[in-house]
Amino acid sequence: MKTKNIFITFLFLSLLITSCKTSEKKERVIGKITEKAMVVSAREEASKIGAQILKKGGNAFDAMVATELALAVAYPYAGNIGGGGFMVYRKNSGEIGALDYREKAPLASSKNMFLDAQENVIPNKSTLGAMAVGIPGTVAGVFEVHRKFGTLSMEEILEPVIKLAKKGVVVTAKQEKRIKYYQSSFLEANKDSIVFNKSWKENDTIKYPELAKTLTRIQKNGRDEFYKGETAKRLVTFIQANGGIITLEDLAKYEAKWRTPVTFTYDDLKIISMSPPSSGGICLAQIMNAIEPFDLDKFGHNSVKTIQVIVEAERRAYADRSHFLGDPDFVTIPQKELISKAYSAKRMANFSFDKATLSSDVSHGTIKIIESDETTHYSIVDQFGNAISATTTINGGYGSKLYCSDLGFFLNNEMDDFSSKPGVPNMFGLVGAKANEIAPEKRMLSSMTPTILEKNGKLHMVVGTPGGSTIITSVLQTILNVHEFKMSMQEAVNAPRFHHQWLPDEIKMEPNSFNENIKSELIKLGYTLDETNSPVIGKVAAILVLKNGHLEGGADKRGDDSASGF
């Protein structure tokens, strides 16, 4: 009897322990699932408008126009008609391509325009106010996409965007903080008070009547309204009245440019990403080529060995970035060699698991790269199987902080993405080389990395993020999280991220997200960790095509991102 009681007690305890272990096991986190089509962007309003266009029978390219312009209304922090961006596409036929609608330097610009008589960089001149503004490319970009691939009328696509501007957009908690943070800069950059100088609180509604009028004129008169029409004239008058150098000729000459995307393979994946003047595709290729020979799936997610391999690959790719890359219309880029697997293998030859490589031992050791993280990304897959990955920006948060109240939008400060002076850092610590010096009509270097993946010849994933120099590494880790570590799309986006960019020689880590033992091991191996000063490392907007053909959205919890579809 006693033995029987002991056995029953033992059985009960065993079941209890098993039950506890099961309850401790993390439940799988799955993002929004749709059957046919999806839009993921930085704001719910923009995602819904993009999805609405798809529901009407529009394709991914129609939805791109709607989403991009809806972000200009709903997310003025980075969404814009006063900035520019990059887009990569894959049609259901397998055809791929890329559009560069990046801003350009005005005709009156020069390589020393931000230097004083002693050739010192003039503080704030390239970041705040009218001299910081590059020629905007967004309107040209969306009209070029529509001209080539659009199916719905521009009037129909713009209608919900104009309605949103008139109705207004509800302020989120994150937006309230952002507006408050930048208000002193708004006062500095603008002669008159602007709508963002008011004390906006969460759940308030900001209406944009002047932007609605500007969009209505564009809806009626087309692309030329922004570049040659009344809007162009009013914009140039405003910029010049505030000390800027953009002219009507600058606007009239602007063209978006079709580019050949960077393509490469990783295991059974084909990766399609943005080409220069974005550094994204080339750097992503270099990093992924370097880590492909290693068994990351066996090392484990965010393990010491996995972090080591990725960090060392990143270190070498970022060391090459500034030295070689710029606007391909102005500089010769050795792209074929940079993205070859043989080159990456050669670069990784001195890597050892036993200790960290010092960045000072990696070539080009005097160029520090930190860029703006105030960008925005959206991903689209339509019911026909077409896919779009687009990243757009006005550079700093609210760009140059110069707001044209007459037209209802902020202007970019992209001139700061050039090298104002070789060896001197820009507002984000980026020190540029000659390849990225200022020249009239030149496009500035970027880290934007809109990316599309194929698996076994079929559409597999659409991914991208804001995050300045961390864009490339955030896209990389999101891809690896799905491919190597079998995460869902939402889990891949949610997972803690780290970043190394060669200089400063430190691993940036999202605070309170990494195992203490792993951090201790990395320090023992000679790595310097930075959690205290780490910004948000990306806000990914991604879509994964599931085995049954349905779509899973990954909308980043780090922002107000949202997925919408049907």
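Values in this document were obtained by computation on a predicted structure and should not be read as measured data. All residue numbers refer to position in the chain's written sequence, counted from 1. Per-residue local features are limited, in this predicted model, to residues with pLDDT of at least 70; the limit for side-chain atom pairs, both in listing and counting, is 80 or more; totals at the level of whole chains, interfaces and linings are taken over all residues. Side-chain metrics rest on all non-hydrogen atoms present in the structure, leaving aside hydrogens and water.

Further remarks concern the sheet that holds strand β4 (residues 96-101). At least two DSSP bridges between two strands are required for those strands to pair. Secondary structure elements are taken from DSSP: a helix is a run of H or I of four residues or more, a strand is a run of E of two residues or more, and numbering for both begins at the N terminus. Strand order across the open sheet formed by 7 strands is β7-β4-β3-β11-β10-β2-β21, with antiparallel pairing between neighbours. Among the strands making up the open sheet, the edge pair consists of β7 (257-259) and β21 (562-565). This sheet shows a mean twist of 15° between the axes of neighbouring strands, independent of strand direction. With 7 bridges joining them, strand β10 (residues 375-381) and strand β11 (residues 387-393) adopt antiparallel strand pairing. Counterpart to threonine 375 in the pairing with β11 is threonine 393. Note on contacts: a residue pair qualifies if any of its non-hydrogen atoms lie within 4.5 Å across the two residues. Only the stretch in contact is used when fitting a helix axis, every axis being a line fitted to C-alpha atoms; angles between N-to-C directions are given from 0 to 180 degrees. The strands touched by helix α2 (residues 44-55) are β2 (38-41), β10 and β21; relative to β2, the strand with the most contacts, the crossing angle is about 160°.

Let's shift gears to the sheet that holds strand β19 (residues 541-545). If you walk across this open sheet you meet the 7 strands as β1-β20-β19-β15-β14-β9-β8, and the pairing is antiparallel. Of all the strands in the sheet, the pair left with one neighbour each is β1 (33-34) and β8 (262-266). Relative to the sheet, helix α11 (residues 280-291) contacts β8, β9 (269-273) and β14 (451-455), its axis offset from that of β8 by approximately 15°. Those strands touched by helix α16 (residues 471-483) are β8, β9, β14, β15 (458-463) and β19, and its axis lies near 135° from that of β15.

Only buried Ala, Val, Leu, Ile, Met, Phe, Trp, Tyr and Cys residues count toward a nonpolar core, and they belong to the same one when joined by side-chain atoms within 4.5 Å. A 1.4 Å probe rolled over the protein chains alone gives each residue an accessible area, and that area as a share of the maximum for its type sets the label: buried under 20%, exposed over 50%, partly exposed in between. Counting 83 residues, the largest nonpolar core has Leu284, Met288, Leu296, Ile307 and Ile479 as the members making the most contacts within it. At 9 residues, the largest contribution of residues to this core is made by helix α13 (residues 304-324). Excluding its chain neighbours within four sequence positions, the residues that come into contact with leucine 296 are Tyr266, Ile291, Thr306, Val309, Ile310, Leu480, Glu484 and Phe485. Listed in part, the 82 residues of the second largest apolar core include Ala74, Trp200, Ile380 and Phe410.

Pairing of aromatic rings covers Phe, Tyr and Trp, the last through its six-membered ring, and needs centres within 6.5 Å; plane angles under 30 degrees mean stacked, over 60 mean edge-to-face, and all others mean tilted. A full pass over the atoms with the stated rule returns 27 aromatic pairs. Ring centres of phenylalanine 186 and phenylalanine 410 lie 5.4 Å apart, and the angle between their planes is 35°; on these two criteria the pair is classed as tilted. With phenylalanine 186 in helix α6 (residues 173-189) and phenylalanine 410 in strand β13 (residues 409-410), this pair connects stretches of sequence that are 224 residues apart. In terms of burial, phenylalanine 186 and phenylalanine 410 fall into one category: buried.

Let us now look at the UniProt feature "active site" (unreviewed entry) in the protein chain. UniProt positions are given in the numbering used here, feature names are shortened, and annotations may be inferred rather than shown by experiment. UniProt's entry tags Thr375 with the feature "active site" (unreviewed entry), counted in the numbering of this structure. Looking at the secondary structure, you find threonine 375 in strand β10. Under the relative-accessibility criterion, threonine 375 is labelled buried at 6%. A polar atom in the side chain of threonine 375 sits 3.3 Å from the side chain of threonine 393. Any pair of N or O atoms that falls within 3.5 Å is considered a polar contact. Within protein, one atom must be able to donate a hydrogen and the other to accept it, and sequence-neighbouring residues count only if both atoms are side-chain atoms.

Each residue after the first adds 1.5 Å to the expected span of a helix. In this model, helix α9 (residues 230-241) (12 residues) spans 16 Å end to end at C-alpha, consistent with the 16 Å of a helix rising 1.5 Å per residue. All of the buried residues along α9 are Thr231, Ala232, Leu235, Val236, Phe238 and Ile239. In a view along the axis of α9, the buried residues occupy a sector of 165°, so they form one face of it. Trailing α9 by a residue or two, glycine 243 shows a phi angle of about 90°, which is positive. When we speak of the arc, we mean the arc of directions from the helix axis to the C-beta atoms.

Right, let's get into the pattern of salt bridges. A pair is scored as a salt bridge if a Lys or Arg side-chain nitrogen falls within 4 Å of a carboxyl oxygen belonging to Asp or Glu. Counted according to the given criterion, the structure contains 36 salt bridges. One salt bridge connects glutamate 255 with arginine 223, and the closest N-O pair in it is separated by 3.8 Å. Of the two residues, glutamate 255 is situated in the loop between α10 (248-253) and β7 and arginine 223 in helix α8 (residues 223-227); the sequence distance between them amounts to 32 residues. Owing to a relative accessible area of 47%, glutamate 255 belongs among the partly exposed residues under this scheme. A relative accessible area of 17% means that arginine 223 is categorised as buried. Note that lysine 524 is salt-bridged to glutamate 521, the shortest N-O span being 3.7 Å. On the criterion of helical spacing, the pair formed by lysine 524 and glutamate 521 is a turn pair, its members being 3 residues apart in helix α18 (residues 516-524). Its relative accessible area of 67% is what places lysine 524 among the exposed residues. Residues joined by salt bridges that share partners form a network here, namely Asp100, Lys257, Arg259, Asp327, Asp329 and Arg443.

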